[in-house]
Amino acid sequence: MQPGAVKLARRYGEQLVCVRHRIDPTGTTRVTTVELVVDQAPINAKPEQIVGVRIGYREGQLQALVRAAGATWDKQAGVWRMPLKVARRLQLRERITEK
């Protein structure tokens, strides 16, 4: 930590994230700003909904497209597994077999 920030670190403690020193355009005044943490909360992310999408054996280009989007082949079920949002983005809603 640089010497100018030590005083501010003592003052703000663990809330202090960043200290910046700036010179105004005239070069006559230095401005010191601080960035503080004022709130912290866990994120309750929803798990992605994975769906099965039917793609024909002879639809190689479409298979390559979904593979490039991160889909995986589920041999046992005979469907491509991908997040619902990917299926929607690729306009494959009518091919979804499981939700």
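Residues numbered from 1 in each chain as written. Predicted model: local features only at pLDDT ≥ 70, side-chain atom pairs only at ≥ 80, totals over all residues. Heavy atoms only, no water.

Asker: Mind showing me how you'd approach the overall build of the chain here?
Answerer: Helix and strand counts for the chain stand at three helices and six strands. A principal-axis box enclosing the C-alpha atoms of the chain has dimensions of 70 × 30 × 20 Å. Once local pairs closer than 6 in sequence are excluded, the contacts in the chain between residues at least 24 apart make up 44%. Total accessible area computed for the chain in this model is approximately 8,200 Å², and 50% of it derives from carbon and sulfur atoms. For the chain, the separation between the mean place of its 18 positive charges and that of its 9 negative charges on side chains is 2 Å. (Helix = DSSP H or I, 4+ residues; strand = E, 2+ residues; numbered from the N terminus. Contact = heavy atoms within 4.5 Å. Areas by Shrake-Rupley, 256 points an atom, 1.4 Å probe, with all protein chains shown as cover. Lys, Arg positive; Asp, Glu negative; His and termini not counted. Charge placed at Lys NZ, Arg CZ, Asp CG, Glu CD.)

Asker: Before we go on, may I ask you to explain a nonpolar patch on the surface in this structure?
Answerer: Together, Val34, Leu36 and Val38 make up an exposed nonpolar region whose accessible area comes to about 260 Å². Following the sequence through the fold, valine 38 ends up in the loop between β2 (30-36) and β3 (50-53). (Patch = residues over 30% accessible without salt bridge, like charges linked within 9 Å, V, L, I, M, F, W, Y side chains within 5 Å. Salt bridge = Lys/Arg side-chain N within 4 Å of Asp/Glu carboxyl O.)

Asker: Could you clarify how one ought to interpret helix α1 (residues 3-12) in this entry?
Answerer: Inspection of α1 places Ala5, Leu8 and Ala9 among the buried residues, and these make up the whole buried set. Looking straight down α1, one finds that the buried residues subtend no more than 110° of arc, so they occupy a single side. What points out from α1, more than 90 degrees from its buried face, is the exposed set Pro3, Lys7, Arg10 and Arg11. Contact partners of the buried residues in α1: β1 (16-23) and β2. (Buried < 20%, exposed > 50% of the residue type's maximum accessible area, 1.4 Å probe, protein only. Arc of directions from axis to C-beta.)

Asker: Please explain the pattern of salt bridges as it appears in this structure.
Answerer: Between side chains of opposite charge, a pair can form as their charged atoms come close. With the rule as written, the count across this model stands at four salt bridges. Where lysine 85 meets glutamate 48, a salt bridge forms, and the shortest distance between an N and an O atom there is 3.2 Å. One end of the pair, lysine 85, is in helix α3 (residues 84-89); the other, glutamate 48, is in the loop between β2 and β3, and 37 residues separate them in sequence. Judged by its relative accessible area of 56%, lysine 85 is exposed. Its salt-bridge partner being glutamate 59, residue arginine 95 comes within 2.8 Å of it at the nearest N-O pair. A residue pair is termed long-range when its members are at least 10 positions apart, and arginine 95 in the loop between α3 and β6 (96-98) and glutamate 59 in the loop between β3 and α2 (60-68) qualify at 36 residues. The partly exposed category is assigned to glutamate 59, whose relative accessible area is 27%.

Asker: Could you clarify how one ought to interpret the pairing of strand β5 (residues 79-83) in this entry?
Answerer: Regular strands have side chains that alternate between both faces of the sheet. Taking burial as the measure, the five residues of β5 include four buried ones, the bulk of the element. The pairing of β3 with β5 spans four bridges and is classified as antiparallel. In the strand pairing of β5, isoleucine 50 is matched with proline 83. Sheet topology places strand β4 (residues 72-74) next to β5; three bridges connect them, and they run antiparallel. Note on β5: the bridge partner recorded for aspartate 74 is valine 79. Between β4 and β5, which follow one another and run antiparallel, lie four residues, and glycine 78 among them has a positive phi close to 70°. (Pairing = 2+ DSSP bridges.)

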